[in-house]
Amino acid sequence: MFTRTAAGAWRWMRIDVPVRIVPLVGVPIVWAVVWGGGLGAIGLRIPFAPSGWLWIGLISLAVISACVVFVAGALNWSAKATRGALALEIPFFLLLNPFAEELLFRGLFQPRLEALIGFPAALTVVSLIFGFHHAFAGFNLRFLLWASLGGFLFGAVAAQYSSVVPAMLLHSAADLGIFLFGPWVSARRQARISLTPRASGR
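On a predicted model such as this, the values are computed, not experimentally measured, just so you know. Each chain carries its own residue numbering, running from 1 in the direction its sequence is written. Reporting of local features is limited, given that this is a predicted model, to residues whose pLDDT is at least 70; pairs of side-chain atoms are given and counted only at 80 or more, and all residues count toward the totals for whole chains, interfaces and linings. Only hydrogens and water are set aside when side-chain values are computed; all heavy atoms of the structure are taken into account.

Participant: Help me out: how do you make sense of the overall build of the protein in this one?
Facilitator: Looking only at helices and strands, the protein features 6 helices and 2 strands. Secondary structure elements follow DSSP: runs of H or I of four or more residues count as helices, runs of E of two or more count as strands, with numbering from the N terminus. What you see in the protein, going N to C, is helices and strands ordered as β-α-α-β-α-α-α-α. Principal-axis analysis of the C-alpha atoms places the extent of the protein at approximately 75 × 35 × 35 Å. Looking at the protein residue by residue over its 202 residues, the buried ones come to 40%. Per-residue accessibility, obtained with a 1.4 Å probe over protein chains only, is compared with the maximum for each type, and a residue is labelled buried under 20%, exposed over 50%, and partly exposed between these values.

What follows is the structure, given as structure tokens:
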């Protein structure tokens, strides 16, 4: 188990934000404004009734729970975070990262590819590219497959609502479970195990 600090978070964010996040946001927006006919062309619209928000909220809770179980169980990641680290990580994982990745993958790539090869193939290709692009950050195969599975969910929801906004919310929920709640739950579980008296051998 390790402790995430503000200095450690800033060390990778100061590179990730300008090198990855800014292009992920910039490319779709430039395309939409210059060639696509506006931001609606990359799914930046809120097209559904209030009842739709209820369904997205319920699915988000399920996503958080599944991601916590995955991190604490399959990956066994455990970490504590200082307040400074959380001050940087929470806006990154809840706002910046989901907005940027969904805008590119589900807002720009998926609809354009769907027009060429159809929805099922486009969903599959984009979801796998989305999942495996996390390899650049050093994540293992289990995580890449889990991220690809998440990509299928995000892509299906974006297509259902013709908007990337619900996909962004689900992506935020996944990041919350994977990077914040999951490591915390795993650390608490490991702490309880270490405090449990071992049965004496006979």
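Read on for the rest.
Participant: Could you clarify how one ought to interpret the layout of surface pockets in this entry?
Facilitator: Taking a probe equal in size to a water molecule and rolling it over the atoms shows the remaining empty space. Here a cavity denotes grid points, spaced 1 Å and computed from the protein atoms alone, that fit a 1.4 Å probe unable to get out, and a pocket denotes an open set having protein on both sides within 12 Å along at least 5 of 7 lines; residues with an atom within 4 Å of a point are the lining. Grid points are joined across faces, edges and corners, and a volume is the space filled by probe spheres set on the points. The volume enclosed by the largest pocket comes to roughly 950 Å³. Lining the largest pocket are 40 residues, and of these F93, A137, F139, F143 and F179 sit closest to its centre. Every element with two or more residues in the lining of the largest pocket is listed here: strand 1 (2–4), helix 1 (6–36), helix 2 (50–75), helix 3 (83–117), helix 5 (141–161) and helix 6 (165–195). Broken down by element, the lining of the largest pocket gets its largest block of residues, 8 residues, from helix 5. Class assignment of the residues belonging to the lining of the largest pocket gives a composition of 24 nonpolar, 10 polar and 6 charged. Under the scheme applied, nonpolar residues are Ala, Val, Leu, Ile, Met, Phe, Trp, Tyr, Cys and Pro; charged residues are Asp, Glu, Lys and Arg; polar residues are all the others, including Gly.

Participant: Sorry if this is basic, but what is going on with a nonpolar patch on the surface here?
Facilitator: Where nonpolar side chains cluster on the molecular surface, the patch consists of L54, W55, L58, I59, L61 and L153 and spans about 580 Å² of accessible area. When residues in the nonpolar patch are grouped by element, the largest group, 5 residues, is from helix 2. For L153, the location among the structural elements is in helix 5. Only residues whose relative accessible area exceeds 30% and that form no salt bridge are eligible for patches; like-charged ones are grouped when within 9 Å, while nonpolar side chains (Val, Leu, Ile, Met, Phe, Trp, Tyr) are grouped when within 5 Å. In these tables, accessible area is a Shrake-Rupley quantity obtained with a 1.4 Å probe, and a residue counts as shielded only by the protein chains included in the view. When a carboxyl oxygen of Asp or Glu is within 4 Å of a side-chain nitrogen of Lys or Arg, the pair counts as a salt bridge.

Participant: Sorry, what's going on with the confidence of the model for the protein here?
Facilitator: Do not read the predicted coordinates in detail wherever pLDDT is low. As a per-residue quantity, pLDDT reports the predictor's confidence and falls between 0 and 100. Confidence along the protein averages 92 in pLDDT terms, with 95% of residues attaining 70 or more. Ranking the helices and strands of the protein by mean pLDDT puts helix 4 (residues 119–132) first, with 98, and strand 1 last, with 87.

Participant: Would you mind showing me how to read the environment of G155 here?
Facilitator: Mapped onto the elements, G155 comes out in helix 5. Looking at G155, the relative accessible area reads 0%, which means it is buried. C-alpha separation for the pair G155 and L123, spaced 32 residues apart in sequence, amounts to 6.2 Å. Those residues in contact with G155, other than ones at most four positions away along the chain, are R106, Q110, F119 and L123. What makes two residues a contact is simply this: any of their non-hydrogen atoms within 4.5 Å.

Participant: Help me out: how do you make sense of helix 4 in this one?
Facilitator: A turn of α-helix holds 3.6 residues, and therefore any two residues three or four places apart point the same way. Expected span of a helix, by definition, is 1.5 Å for each gap between consecutive residues, and there is one gap fewer than residues. Spanning 14 residues, helix 4 covers 20 Å between terminal C-alpha atoms, matching the ideal 20 Å at 1.5 Å per step. Buried within helix 4 are the following residues: A122, L123, V126, S127, F130 and G131. Down the axis of helix 4, the sector holding all buried residues measures 150°, keeping them to one side. Throughout, the arc means that of the directions going from the helix axis to the C-beta atoms.

Participant: It is not clear to me how the packing of helix 4 against helix 5 should be interpreted in this structure. Could you clarify?
Facilitator: The angle between the axes and the distance between the axes are what describe a pair of packed helices. Two elements in contact, helix 4 and helix 5, have axes whose closest approach is 7 Å; the angle formed by their N-to-C orientations is 140°. As the angle between them shows, helix 4 and helix 5 are arranged oblique. Our pair here, helix 4 against helix 5, has a crossing hand that is right-handed. Residue-level contacts link F119, L123, T124, S127, L128, F130, G131 and F132 of helix 4 to L141, L144, L145, A147, S148, G151, F152, F154, G155, A156 and A159 of helix 5. Class assignment of the residues belonging to the contact of helix 4 with helix 5 gives a composition of 13 nonpolar, 6 polar and no charged. To define axes, lines are fitted to C-alpha atoms, for helices over the stretch in contact only, and angles between the resulting N-to-C directions are given on a 0 to 180 degree scale. Any angle that falls under 35 degrees is termed roughly parallel, while one over 145 is termed roughly antiparallel, one within 65 to 115 roughly perpendicular, and all others oblique. Put simply, a crossing is left-handed when the front helix is turned counterclockwise from the back one by less than a right angle, and right-handed when it is turned clockwise.

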